[in-house]
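Working through the structure, step by step
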Amino acid sequence: MSENNSFTEKLKKFASSQLIIPIIALLILVIFNLIRDPSFFSIAIKENNLGNKVLTGNLISILNGASELVILAIGMTLVTSATKGQDISVGACAAIAGSVFVKILRGNNITVPLILAGVLVACIVTVIFCMFNGLLIAKFNIQPMIASLILFTAGRPIAYWINGGATPNVESNLLGYLGGFIPGIPIPSPILIVILFIIFINLLLKYTTLGLYIQAVGINERASKQNGINPVFMKMVVFVVLGICVALAGSMNVCRIGLINHEKILLDIEMDAILAVAIGGNSLSGGKFKISGSILGAYIIQALTTTLYAMKVSSTDIKAYKAIVIIIIVVVGSPVVKQWFGKVFKTIGAKIGKSNTNSVQTAK
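Note that the structure is a prediction, hence the values are computed from the model and not measured.

Reading the values: the criteria
- Sequence positions are assigned chain by chain, starting from 1 and proceeding in written order.
- Given that this is a predicted model, residues contribute local features only at a pLDDT of at least 70 and side-chain atom pairs are listed and counted only at 80 or more, while totals for whole chains, interfaces and linings are drawn from all residues.
- To get the side-chain values, take all heavy atoms of the structure and skip hydrogens and water.
- Counting from the N terminus, the helices are the DSSP runs of H or I reaching at least four residues and the strands are the DSSP runs of E reaching at least two.
- The classification of residues rests on relative accessible area computed with a 1.4 Å probe and restricted to protein chains. Under 20% of the type maximum is buried, over 50% is exposed, and intermediate values are partly exposed.
- Counting of polar contacts relies on pairs of N or O atoms within 3.5 Å, with two restrictions inside protein: one atom must be capable of donating a hydrogen and the other of accepting it, and residues adjacent in sequence are counted only when both atoms are side-chain atoms.
- Contact criterion: two residues are considered in contact whenever any of their non-hydrogen atoms come within 4.5 Å of each other.
- At least two DSSP bridges between two strands are needed for those strands to be called paired.
- Confidence per residue, as judged by the predictor, is encoded in pLDDT with a range of 0 to 100.

The subject of this paragraph is the side chain of Thr83. On the secondary structure map, Thr83 appears in helix 4 (residues 67-83). Using a relative accessible area of 9% as the deciding quantity, one classes Thr83 as buried. Polar side-chain contacts of Thr83 include one of 2.6 Å to the backbone oxygen of Val79. With near-sequence residues (within four places) excluded, Thr83 lies in contact with Ile137, Pro144, Lys235 and Phe239.

Listed below in structure tokens is the structure:
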């Protein structure tokens, strides 16, 4: 009898798991591609233009292409949890970061320390801009989407002004350290950067009270304040983290393409970042969060995009197909549908338990 109860509890726990929807969505994409084209996930080693052996294939393209989105989704998750809203200016702020990064590189002889210095300066600048959003939200209680609308509108023109109204390019093999390949390492450097960044964030949340405090502020700001947590400070902290995420994503994207185009760089990525948070099972109204869910959500979005390209779907139609699939995923992951699944699994578990009990009684 206890085994039956244990099985029923496992079914209920599985049905209510935050990661069930993104995992199922990812499995469906994997199975679909395996049926459509078994070679979709094949990985090969080829020589690039510089003569280095590198990994190629759709799977590598998915992991590599989603790098900026994964980083921004992590920052967006923390902002969503603490502020109960979303920052829609991350793409525009990434343009500012990219412009600052290019400005640093073009004024000097490009070296690895200079690239790191460029990223650091970009971080400082974007943290200041993101903290501007944080100040409006934390101190003046402006709704996050409205507060970030200012930089959403003005961010790209600011990026344009930074480089004197031009779209300059930068050329150096060393840019591969952020946006391509590191000589002797076949894995794209953005994938390695994402891995290191995820490890850093997980260690930060595991060995500090940051994650707990962010969730406390998001769940009940008044109660958290009564327990000694400063909600204004915590909200500012998440925007500092978001600023770092934005600077890293913007710098990586510049290194990928070798120039800064303020109008095109990471265009509409803020919407994909918000969707990644939602697909990952995180509530867009704040509170508890799961970083792993948002990471899965980001890779699902990129896997869907790569799948559609592999099916020869035009770039114009891809957004429409993505919207349809994402609507389905979000609806299936809604609390109403999850509750229904919970009842179904509970009923199945009860029937299995009853069947096992009858079998035992018959055997006796």
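Relative to the elements of secondary structure, Ser42 occurs in the loop between helix 2 (20-36) and strand 1 (44-47). The spatial distance from the C-alpha of Ser42 to the C-alpha of Gly57 is 6.1 Å, given a sequence separation of 15 residues. Separated by 2.7 Å, the side chain of Ser42 and the backbone oxygen of Ser39 make a polar contact.

The sheet contact formed by strand 1 and strand 2 (residues 53-56) spans four bridges and is antiparallel. Residue pairing in the sheet places Glu47 in a bridge with Lys53 of strand 2. In sequence, strand 1 turns back onto strand 2 through a hairpin of five residues, with Gly51 there showing a positive phi of about 85°.

Right, let's get into unusual backbone geometry. If a residue is not glycine, its phi is most likely negative; likewise, a peptide bond is most likely trans. Phi at Lys84 is positive, roughly 60°, even though this residue is not glycine. Within the secondary structure, Lys84 is located in the loop between helix 4 and helix 5 (90-106). Positive phi, normally seen in glycine, also occurs at Asn141, with a value near 55°. Its location among the elements puts Asn141 in the loop between helix 6 (112-138) and helix 7 (144-162).

This next bit is on the confidence of the model for the chain. Averaged over all residues, the pLDDT of the chain is 88; the fraction at 70 or higher stands at 89%. Ranking the helices and strands of the chain by mean pLDDT puts helix 4 first, with 97, and helix 1 (residues 2-16) last, with 56.

Considering the arrangement of structural elements, one finds Asn282 in the loop between helix 13 (269-279) and helix 14 (291-310). The contact partners of Asn282, leaving out residues within four places of it in the chain, are Gln18, Thr77, Val277, Lys288, Phe289, Lys290, Gly293 and Ser294.

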